[in-house]
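Structural overview
Each chain, written out:
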There are 6 protein chains.
Amino acid sequence: MPVRPHGRAFDALRPTMIDTGTAPFAEGSCTITMGMTRVLCTASVEEGVPPWREGVGGWVTGEYAMLPRATNTRTRRERRGAGGRTQEIQRLIGRSLRAAVDLEALGEHTVTVDCDVLVADGGTRTASITGACVALESAFQTLVREGILPASPLTQWVSAVSVGIVDGEPRLDLEYVEDSAADVDFNVVSLEDGRFVEVQGTAEGAPFDRSELDALLALAGAGITELLHIQKSA
Amino acid sequence: MPVRPHGRAFDALRPTMIDTGTAPFAEGSCTITMGMTRVLCTASVEEGVPPWREGVGGWVTGEYAMLPRATNTRTRRERRGAGGRTQEIQRLIGRSLRAAVDLEALGEHTVTVDCDVLVADGGTRTASITGACVALESAFQTLVREGILPASPLTQWVSAVSVGIVDGEPRLDLEYVEDSAADVDFNVVSLEDGRFVEVQGTAEGAPFDRSELDALLALAGAGITELLHIQKSA
Amino acid sequence: MPVRPHGRAFDALRPTMIDTGTAPFAEGSCTITMGMTRVLCTASVEEGVPPWREGVGGWVTGEYAMLPRATNTRTRRERRGAGGRTQEIQRLIGRSLRAAVDLEALGEHTVTVDCDVLVADGGTRTASITGACVALESAFQTLVREGILPASPLTQWVSAVSVGIVDGEPRLDLEYVEDSAADVDFNVVSLEDGRFVEVQGTAEGAPFDRSELDALLALAGAGITELLHIQKSA
Amino acid sequence: MPVRPHGRAFDALRPTMIDTGTAPFAEGSCTITMGMTRVLCTASVEEGVPPWREGVGGWVTGEYAMLPRATNTRTRRERRGAGGRTQEIQRLIGRSLRAAVDLEALGEHTVTVDCDVLVADGGTRTASITGACVALESAFQTLVREGILPASPLTQWVSAVSVGIVDGEPRLDLEYVEDSAADVDFNVVSLEDGRFVEVQGTAEGAPFDRSELDALLALAGAGITELLHIQKSA
Amino acid sequence: MPVRPHGRAFDALRPTMIDTGTAPFAEGSCTITMGMTRVLCTASVEEGVPPWREGVGGWVTGEYAMLPRATNTRTRRERRGAGGRTQEIQRLIGRSLRAAVDLEALGEHTVTVDCDVLVADGGTRTASITGACVALESAFQTLVREGILPASPLTQWVSAVSVGIVDGEPRLDLEYVEDSAADVDFNVVSLEDGRFVEVQGTAEGAPFDRSELDALLALAGAGITELLHIQKSA
Amino acid sequence: MPVRPHGRAFDALRPTMIDTGTAPFAEGSCTITMGMTRVLCTASVEEGVPPWREGVGGWVTGEYAMLPRATNTRTRRERRGAGGRTQEIQRLIGRSLRAAVDLEALGEHTVTVDCDVLVADGGTRTASITGACVALESAFQTLVREGILPASPLTQWVSAVSVGIVDGEPRLDLEYVEDSAADVDFNVVSLEDGRFVEVQGTAEGAPFDRSELDALLALAGAGITELLHIQKSA
């Protein structure tokens, strides 16, 4: 059986760390590090909501970007509009966070969570979600401390991880060299109670059958349990 | 148990039809109708490939748009750049089609499959994929007939369907009123041999557990079998 | 004397058909077919008017687009702004429709008529105007039926046709192969009482003298009479 | 019968002047003044032609813009793309100039004629064409003087004027207050031999019948004769 | 010591002229000519201020553009957004003008001064500032004459000039051939009392030391004194 | 005399630190921290140069951006084009770096130095230049180590600092609360030998006279000497 980089076990996360307060001007912030991947997540609270949310409750949305040299070769800044991949990820972050929040209890506030990738070595979208939830809860704590909200409207923590099939083997938390060689790439987003918010699986190479799908979901479940633990400690 | 619109069974597709040749100037084309949803798919073949495919083989890509009044209220044309939803769907169409094609056998040709939604009543992205595959194979037949390719590079048919949980009940092929009330929305793309190309499940309302996921995948599988049959007859 | 495609007489329209109701969600719609040219026209009614029309009356405007593969080779979507030709045609459609409507009687409603060319074989801008008027009147009938307007604010039907000089011969309703070989290309828009709303003549090749202009206007007049008859039957 | 501003006769041009050489760095240039309207026209010659003209001959194209305060109230600069009116005028200028030039004799050069409106008091598009032809011929003379071309490829002068119906009366060369009150607005572009290059008539208010069209074309013909004389003297 | 073009002394301005009223529809306007450089400056007054100025006082801003053939070879119009150089100059014009105006006394008016370069032979940004101040004061006089303001809110005249080091020699008011050969390029903006509003010095070639900086500022001071005299006479 | 935040002396820099290697995939990188301001600088080397540099030597350019929540309130991402301030800063960074490099010795390489502001508390443009020079030299060392260049083409270190007049007092290295209250704001860029590359002084409030300018340049000189020391130690 092929060996993973750094001798990692097929079901092991990379070393993961979440530092909070790394953007001192934001209501909530953290930097999440998974192996070499590193994402700065900041939660910004504004009063008021978009027109279609008026009278209904608050709103939570996400933005995502990579610094030009987060990657191995330089990527151009998206100054002529966000590309398809960026928009897809932003929509995913927003949906994932909203699944974890009681928007009515948030009141007429809009929270924008910016996920800026400082170093990209695979799994940036799932790390963004995991970090974004910490930044978001941290902003909620600020609102509670300032007496603006009676309690945090976070109903459950939400966490995400990537899994995939590389060289015929299901693996947890792919890093870049694995990701680019994977036949199948899954992103799984779950809540604390184990239920799914998103399951996105793509056959980049060979299609996958039902038993492979089952193996991947099991692997993701275990990874997410571990991540939820790290989030709560942060 | 709640009743679906038009008394449809929970595991029944809407009446589905695929007419070919509806864009007379295109190398391949069809109009797919599923209930009221109707999408015009055209496959355009150009010589040459994008720079990063040179010397590797052909390329297949997809574009997607809705006519402004395909929907219940008028939607603005995307004349300042394609939005996030559009780009996400376009990427999905392209990936799905490429999974069905032997790109090397295609030679240095680029095929663009345009999916223009004439009427939108739910399931436009999955209907686009199903129709796009027919338009694509039809263009391949043109290339064979003109002696440009020795045989069609389509390796298997690809088909897609939406499934979801509405009022607690798993349902096949959601129409718009169901889609907008669904707690969970899945898009499944499969090949003839039953293997998955894409599985995208989103909790719009309540998150979903493992048994619900299983039920939805089974429902999708049955629908796709039926669609593959309609594609081949077209 | 040279022979036209399909043995058509110099003063004959192509086979023309207008089907109404082809966009089921729109207040008014039709598909107009002239030979191979086919345009889907939908009229969308919104409450309110642009700022500069407030207190003055309603507003009617047009949009125009071609599907990418309406033409013989694929055309890129106008996702970075509508091009000059598109904008010119849109302005022409809007002006033509407004000449046929009592805007004061329309009240503070804005009607947008979208003309989407499904197949382009010459004469798409004039077919768009002719079809747009049918979609517009159909939307007005909807407003009357719903008790929103006491009577249709259409004062006269408006219709349009192209004429041109090909191989030295004036011809009615040019199709694409004729249009691209024409020395002179005229678009004429008229009301039922025979008066002109627009006359646009361009020398693509040799300039034209006064007697040629007279012959072309006569030819256009006869064609428009026939089109008005088809519109009213629709 | 109503009186025109400054007691002008219905068939009189405004005082018209063409000064050449007003853009010292351009191969050809002039400033055309018609009443208060003033347009700076510059012709820039570049070697080479657009791809679709290679091996066929030269190319002549036009651009048009108004300075922000050419008009009575300030207009925003078109920094997010040229608007519909601008593009329509640019296309008209280009077509008009090309009708006056033997493009084959021009060889593989591209001439861009920029028409920048310094003061706008009606008739800016027609003044632009008249001035542009002078700037163009002036650039051709430069090419002849420099031995790049054996003779000017201008085959005939081209000139343009606006006519319209105001208060029921046909009038030549409308200024702004007349233009905004006109029922019918015609732009006519002609060559020296009297043949038309473009005839564009629009009913802004009441539609026009055949006899009105005839009267307007006669009026335009007389105006253009006078303008051709001024062009040649410049 | 090298000789300047036209035998100009190192501390001499080019022949400079300011004609006012050259944009008849604007509240204030002038054309400033310095050697071959020529800029049309128009001041447009609008009621109201941007949101962040409400309740604080008026606002003055500048825009800058070059006609495509102001320069030796044609420059493309900035129709996809103003470039970096343009925006930098616009910001400089705005800041310089605001330093000369009592914004509170201006009341809730916004004045936009457009500087359109008709001919560019070096020093266009400084000529724009000098001309813009004349157009602005001319607009203020219009407001006073119309009884809208009791007195002009211009507190001091503001003027600008470029200086530079060419062939080791400090020179006043560089023209294009000097500017493109300069090692150091300074733009200095001053008020009547000799105080600076802006000092921008850039080493294009060799860096500059303190004594060179001193020499350049002295040269600029003398030039600005002369320009202030010309402004007041205009 | 007023007291500065944290009791800082008028001629003291904020605590300043430069950590190198903070972007592991870049040829050169550092994070510069001055007080709370923190900028990540990465230098990316690409083979080849822009067309106008071919055959002349290498090229060095800079880009600048702020993360949305670097500031006290969230700033929108510049996804519709870089704004005026951003472009102005980018041009300044590029010019400053090029003054420190022997471009001929660099050979046909393009180095892009990205300065991404993680936390913004005043002085971000000058910190960017100081950090960018460290990232650049670090990239040059990489090229030397890989045998691509025989020696670093950095001729002298370049460093930058802001100075200003606050409450009538000249101060070194303004932080945000000082910057926004400053009457005069200077950015000074110098080489090791004390010569200036850029001097940009702006009167935000009261204009400044010659003696104030002298005091500010002296203050900047002392600050830059200290920064050059920190750069070399990094």
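Residues numbered from 1 in each chain as written. Chains lettered and ligands numbered in written order. Predicted model: local features only at pLDDT ≥ 70, side-chain atom pairs only at ≥ 80, totals over all residues. Heavy atoms only, no water.

1. Concerning the overall build of chain A
Rules: A helix here means a DSSP run of H or I that spans at least four residues, while a strand means a run of E at least two residues long, and both kinds are numbered starting from the N terminus. As defined in this context, the radius of gyration uses C-alpha atoms, and a globule is described by 2.2 Å times the residue total to the power 0.38. For every residue, the accessible area obtained with a 1.4 Å probe (protein chains only) is divided by the maximum for its type, and the residue is called buried under 20%, exposed over 50%, and partly exposed between those limits. Contacts: residue pairs with any heavy atoms within 4.5 Å of one another. In this charge count, Lys and Arg are treated as positive and Asp and Glu as negative; neither His nor the chain ends contribute. Throughout, a charge is located at the NZ atom of Lys, the CZ atom of Arg, the CG atom of Asp or the CD atom of Glu.
Along chain A, the regular secondary structure elements total 5 helices and 9 strands. When the helices and strands of chain A are listed from N to C terminus, the series reads β-β-β-β-α-α-β-α-β-β-α-β-β-α. Its C-alpha atoms give chain A a radius of gyration of 18 Å, within 12% of the compact-globule value 17 Å for 234 residues. In terms of overall dimensions, chain A has a C-alpha envelope of 55 × 40 × 30 Å along the principal axes. A buried classification covers 62% of the 234 residues belonging to chain A. By sequence separation, contacts in chain A at least 24 residues apart represent 68% of the contacts at least 6 residues apart. Within chain A, one finds 21 positive and 33 negative side-chain charges whose respective centroids are separated by 6 Å.

2. Section: the pattern of salt bridges
This is how it is decided: Basic side-chain nitrogens of Lys or Arg form a salt bridge, by our definition, when they fall within 4 Å of a carboxyl oxygen of Asp or Glu.
Applying the stated criterion across every chain, the model contains 119 salt bridges over all chains. Each member of the salt-bridge network shares a partner with another, and the members are R4(A), R8(A), R14(A), D167(A), E169(A), R171(A), D173(A), E175(A) and E178(A).

3. Observations regarding the nonpolar core
Our working definition: Working definition of a nonpolar core: buried Ala, Val, Leu, Ile, Met, Phe, Trp, Tyr and Cys residues. They are joined through side-chain atoms within 4.5 Å.
Judged by nonpolar contacts, the single largest core of 129 residues is most densely connected at F186(E) and F186(F). Residues contacting F186(F), with those up to four places away along its chain left out, are V161(F), S162(F), V163(F), V199(F), Q200(F), G201(F), F208(F), L213(F), L216(F) and L217(F). Counting residues in hydrophobic clusters, the runner-up holds 127 residues, among them C133(A), F186(A), V113(B) and V189(B).

4. Some details on helix α5 (residues 210-233) of chain D
Inclusion rule: To estimate the expected span of a helix, subtract one from its residue number and multiply by 1.5 Å.
In this model, α5(D) (24 residues) spans 35 Å end to end at C-alpha, consistent with the 34 Å of a helix rising 1.5 Å per residue. Buried residues of α5(D): L213(D), L216(D), L217(D), L219(D), A220(D), G223(D), I224(D), L227(D), L228(D) and Q231(D), and no others.

5. What to know about the sheet that holds strand β2 (residues 28-34) of chain C
Residue and element names in this part refer to chain C. Filter applied, for reference: In this analysis, strands are considered paired if DSSP registers two or more bridges between them. Axes here mean lines fitted to C-alpha atoms, for a helix over just the part in contact, with angles spanning 0 to 180 degrees between N-to-C directions.
The 5 strands are arranged β1-β2-β3-β5-β4 in an open sheet whose pairing can be described as mixed. Looking at the sheet topology across the chains shown, the edges are occupied by β1 (16-20) and β4 (59-66). Taking the axes of each pair of neighbouring strands and ignoring which way they run, one obtains an average angle of 20° across the sheet. Across 10 bridges, strand β3 (residues 37-47) lies against strand β5 (residues 109-119) in antiparallel orientation. Bridging across to β5, R38 finds its partner in V119. In this fold helix α1 (residues 84-98) packs onto β4 and β5, with an angle of close to 145° to the strand it touches most, β4.

6. Some details on the relation of the copies chain B and chain C
For the record, the criterion: The atoms used to superpose the copies are C-alpha atoms, taken from residues with pLDDT of at least 70 in both, and the fit is least squares.
Placing chain B over chain C gives an RMSD of 0.0 Å and needs a rotation angle of 180°, together with 0.0 Å of translation along the axis. Those values place the two copies in the arrangement expected of a two-fold rotation axis. Every residue of chain B has its C-alpha some distance from the rotation axis, and the shortest such distance is that of R79(B), at 2.1 Å. Of all interface residues in chain B, 100% are interface residues in chain C too; the two copies therefore contact each other through one and the same surface.

7. Focus: the state of the cysteines
All names here are of chain D. To be explicit about the condition: A pair of cysteine sulfur atoms is labelled a disulfide when the two atoms are within 2.5 Å.
Tallied over the full model, the rule gives 0 disulfides over all chains. C30 carries a free sulfur, and the closest cysteine sulfur to it, the one in C41, is 4.5 Å from it. Since its relative accessible area comes to 0%, C30 is described here as buried. Here C41 is not cross-linked by a disulfide; its sulfur's nearest cysteine counterpart is in C115, at 4.1 Å.

8. A few points about the relation of the copies chain D and chain E
In the superposition of chain D on chain E (RMSD 0.0 Å, axial shift 0.0 Å), the rotation amounts to 180°. By residue overlap, the copies meet face to face through one surface: 100% of the interface positions of chain D are interface positions in chain E.

9. A closer look at the interface of chain B and chain C
Where we set the bar: Buried area: the sum, over both parts, of the accessible surface (1.4 Å probe) that disappears when the two are put together. Here a polar contact is taken to be a pair of N or O atoms separated by no more than 3.5 Å, where protein atoms must pair a possible hydrogen donor with a possible acceptor and residues adjacent in sequence count only if both atoms sit in side chains. Think of it as three bins: nonpolar holds Ala, Val, Leu, Ile, Met, Phe, Trp, Tyr, Cys and Pro, charged holds Asp, Glu, Lys and Arg, and polar takes everything else, Gly as well.
Taken residue by residue, the interface counts 38 residues in chain B and 38 residues in chain C. It is F25(B), R69(B) and R79(B) that lose the most area in chain B upon contact with chain C, and together they represent 31% of the buried surface on that side. Inspection of the chain B/chain C interface yields 12 salt bridges. Here E63(B) and R77(C) are joined by a salt bridge, their closest N and O atoms 2.8 Å apart. On inspection of chain B and its partner chain C, the count reaches 24 residue pairs in polar contact (both at pLDDT 80 or more). Only β3 (37-47), β4 (59-66), α1 (84-98) and β5 (109-119) of chain B provide two or more residues apiece to the side of chain B that touches chain C. Looking at the side of chain B that touches chain C residue by residue, the class counts come to 17 nonpolar, 9 polar and 12 charged.

10. A word on the interface of chain D and chain E
Facing the 38 residues of chain D at the interface are 38 residues of chain E. For the pair chain D and chain E, the summed buried surface comes to about 2,800 Å²; carbon and sulfur atoms form 50% of the total. Interface area lost by chain D to chain E is led by F25(D), R69(D) and R79(D), which between them contribute 32%. Along the contact surface separating chain D from chain E lie 12 salt bridges. A salt bridge links R77(E) to D116(D); the nearest nitrogen and oxygen atoms lie 3.0 Å apart. Seen at the junction of chain D and chain E, the total is 24 residue pairs in polar contact (both at pLDDT 80 or more). Counting residues per element, the ones that place at least two in the side of chain D that touches chain E are β3 (37-47), β4 (59-66), α1 (84-98) and β5 (109-119) of chain D.

11. Describing the packing of α1(D) against helix α3 (residues 124-145) of chain D
Residue and element names in this part refer to chain D. Note the cut-off: For classification purposes, an angle smaller than 35 degrees is called roughly parallel, one larger than 145 roughly antiparallel, one from 65 to 115 roughly perpendicular, and anything else oblique. Two helices crossing with the near one rotated counterclockwise from the far one by less than a right angle form a left-handed crossing, whereas a clockwise rotation gives a right-handed crossing.
As a packed pair, α1 and α3 sit with axes 10 Å apart at the nearest point and diverge in direction by 40°. It follows from the interaxial angle that α1 and α3 lie oblique. The chirality of how α1 crosses α3 is right-handed. Contacts from R85, E88, I89, L92, I93, S96 and L97 in α1 reach T124, R125, S128, I129, A132, C133 and L136 in α3. Within the contact of α1 with α3, the residues separate by chemical class into 8 nonpolar, 3 polar and 3 charged.

12. Some remarks on the pairing of strand β6 (residues 158-166) of chain D
All names here are of chain D. Within β6, 9 of the 9 residues are buried, which leaves it mostly tucked inside the rest of the structure. Residues V158, A160, S162, G164 and V166 of β6 are buried on one face, and the alternating residues S159, V161, V163 and I165, pointing to the opposite face, are buried as well. Pairing analysis gives 8 bridges linking β6 to strand β8 (residues 184-191), with the strands arranged antiparallel. Paired with S162 across the strands is N187, a residue of β8. Two strands pair when backbone bridges link them, and β6 and strand β7 (residues 169-172) are joined in this way by 4 bridges, in the antiparallel orientation.

13. Describing the sheet that holds β3(D)
Pairing between the strands of a sheet is mediated by backbone hydrogen bonds and can be parallel or antiparallel. Residues and elements named next belong to chain D. Taken in spatial order, the 5 strands line up as β1-β2-β3-β5-β4 in an open sheet, and their pairing is mixed. In this open sheet, the two strands that pair with only one neighbour each are β1 (16-20) and β4. Taking the axes of each pair of neighbouring strands and ignoring which way they run, one obtains an average angle of 20° across the sheet. Inspection of the sheet shows β4 paired to β5 by 8 bridges, in the parallel sense. Within β5, the position partnered with W59 by the bridge is T110. The sheet strands contacting α1 are β4 and β5, and the helix crosses β4 at an angle near 145°.

14. What about the packing of aromatic side chains?
The test is simple: Only the six-membered ring of Trp is used, alongside the rings of Phe and Tyr, when aromatic pairs are assigned; centres must lie within 6.5 Å, and planes under 30 degrees apart are stacked while those over 60 apart are edge-to-face, with the rest tilted.
All chains considered together, the criterion is met by 18 aromatic pairs over all chains. Their ring planes at 80° and their centres at 5.5 Å tell us that W52(A) and W59(A) sit as a pair that is edge-to-face. The exposed category is assigned to W52(A), whose relative accessible area is 57%. Among the aromatic residues, ring-to-ring pairing joins F186(A), F208(A) and F196(B) into one connected group.

15. Comments concerning the environment of V119(C)
Tracing the backbone shows V119(C) in strand β5. On the basis of relative accessible area, V119(C) is assigned to the buried category, the value being 1%. With 79 residues separating them in the primary sequence, V119(C) and L40(C) have C-alpha atoms 9.7 Å apart. Beyond its immediate stretch of four places on either side in the chain, V119(C) contacts T22(B), P24(B), F25(B), M36(C), T37(C), R38(C) and A70(C).

16. Considerations on the side chain of R14(E)
Residue and element names in this part refer to chain E. As for its placement among the helices and strands, R14 is situated in the segment before β1 (16-20). Taking relative accessible area as the criterion, R14 reaches 4% and is therefore assigned buried. In terms of polar contacts, R14 uses its side chain to reach the backbone carbonyl oxygen of M34, at 3.5 Å. Beyond its immediate sequence surroundings of up to four residues, R14 is in contact with R8, M34, G35, T37, D121, G122, G123, D173, L174 and E175.

17. Things to note about the side chain of E198(A)
With respect to the secondary-structure elements, E198(A) resides in strand β9 (residues 196-203). Apart from the residues within four sequence positions on either side, E198(A) is in contact with L92(A), R95(A), S96(A), N187(A), V188(A), V189(A), G201(B) and T202(B).

18. Section: the environment of V184(C)
Relative to the helices and strands, V184(C) is located in strand β8 (residues 184-191). If sequence neighbours within four positions are ignored, V184(C) has contacts with V163(C), G164(C), I165(C), T202(C), A203(C), E204(C), A206(C), F208(C) and L216(C).

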